[in-house]
Amino acid sequence: MKKAAARAAMEWVQDNSVVGVGSGSTANFFIDELAKRKDFIEGAVASSEPTATRLRDAGIQVLELNETGDLSVYVDGADEVNDRLQLIKGGGGALTREKIVAAASTTFVCIADASKQVTVLGEFPLPIEVIPMARSYVGRQIVKLGGDPDLRDGFTTDNGNLILDVYNLDITNPLELERQFNQIAGVVCCGIFAQRPADILLLGQKDGSVSKVEL
């Protein structure tokens, strides 16, 4: 299912363009597809260090977003997605860089298997990247907002920060909750992608087909 969605996303990759590439298992399938057309693109902007390594290993030039400016397309997976194409991301811990590259891209194509589509976000624990010295303070504020934060043990983000995974959230208003979390001092990034949702959702199905949802 993931492979089928990754193949379908190649439709949005333009010749001579720089492609934003996400992180995780589904994005890795996309990198495999992108490698087949590496001679027709200028390069890629990676949303994590593991993605950058995989791109280089595939022979794809990795560029810095500061050098490229805005991108035509960003392709990435999701941990959950609702019918408004709002997402939970960050299961792999790369949510901040993923959100930056998504924001800098004209079109955000989300690729996922059908199991990631939900009616209400929140069954998957919400990752929040926090500055280390603010971990306890941010955790207390999360509790006030109804969440149950848990420190991701032994994990440091590419930015040198920590991840709090927040359980027991029923995210009926993703846009407002994203704003509330982002306003907590010490929060670097919240894993709700509602201010910048996906533009196109490609869902791989068990029969090998891909369904497309657009905003």
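Details of the structure are given in the entry above.
Bear in mind that the values here come from a model prediction, so they are computed numbers and not experimental data.

Okay, the overall build of the chain next. From N to C terminus, the chain includes seven helices and 13 strands. Computed over the C-alpha atoms, the radius of gyration of the chain is 17 Å, within 12% of the 17 Å expected from 2.2 N^0.38 for a compact globule of 215 residues. C-alpha extents for the chain along the principal axes are approximately 50 × 35 × 25 Å. In the chain, which comprises 215 residues, the share counted as buried stands at 53%.

Moving on, we come to the packing of helix 2 (residues 25–35) against helix 3 (residues 49–57). Remark: helix 2 packs on helix 3, axes separated minimally by 10 Å, with the N-to-C direction vectors making an angle of 25 degrees. The pairing of helix 2 with helix 3 is recorded here as roughly parallel in orientation. Handedness of the helix 2/helix 3 crossing: right-handed. Of helix 3, the residues touching helix 2 (which contributes N28, I31, D32 and L34) are T51, R54 and L55. In the contact of helix 2 with helix 3, the residues fall into three nonpolar, two polar and two charged.

The biggest cluster of nonpolar side chains holds 25 residues, and the ones touching the most others in it are F30, L34, L55, V109 and I111. Every element with two or more residues in this core is listed here: helix 1 (2–9), strand 1 (18–21), helix 2, strand 2 (43–46), helix 3, strand 3 (71–76), strand 6 (105–113) and strand 12 (200–204). Contact partners of I111, with chain neighbours within four places excluded, come to A5, A6, A9, T26, F30, V75, D76, G77, A78 and L202. Core analysis: the next-biggest nonpolar cluster, separate from the first, contains 21 residues, V118, I142, V166 and I192 among them.

It is worth spelling out helix 2 at this point. Looking only at helix 2, the buried set comprises T26, A27, F30, I31, E33 and L34. Viewed end-on, helix 2 has its buried residues packed into an arc of 160 degrees, placing them on one side of the element.

Let's shift gears to helix 6 (residues 135–144). For helix 6, the full list of buried residues reads V138, G139, Q141 and I142. Burial along helix 6 is one-sided: seen end-on, the buried residues are contained in an arc of 165 degrees. The secondary structure elements touched by the buried residues of helix 6 are strand 7 (126–130), strand 8 (148–151), strand 9 (162–167), helix 7 (174–182) and strand 10 (187–190). Once helix 6 ends, the next one or two residues include G146, with phi positive near 95 degrees.

Rules used in this analysis
Residues numbered from 1 in each chain as written. Predicted model: local features only at pLDDT ≥ 70, side-chain atom pairs only at ≥ 80, totals over all residues. Heavy atoms only, no water. Helix = DSSP H or I, 4+ residues; strand = E, 2+ residues; numbered from the N terminus. Rg over C-alpha atoms; globule rule 2.2 N^0.38 Å. Buried < 20%, exposed > 50% of the residue type's maximum accessible area, 1.4 Å probe, protein only. Axes fitted to C-alpha atoms, helices over the stretch in contact; angles between N-to-C directions. Parallel < 35°, antiparallel > 145°, perpendicular 65-115°, else oblique. Left-handed = near helix turned anticlockwise from the far one by under 90°. Contact = heavy atoms within 4.5 Å. Nonpolar A, V, L, I, M, F, W, Y, C, P; charged D, E, K, R; others polar. Core = buried A, V, L, I, M, F, W, Y, C linked by side-chain atoms within 4.5 Å. Arc of directions from axis to C-beta.

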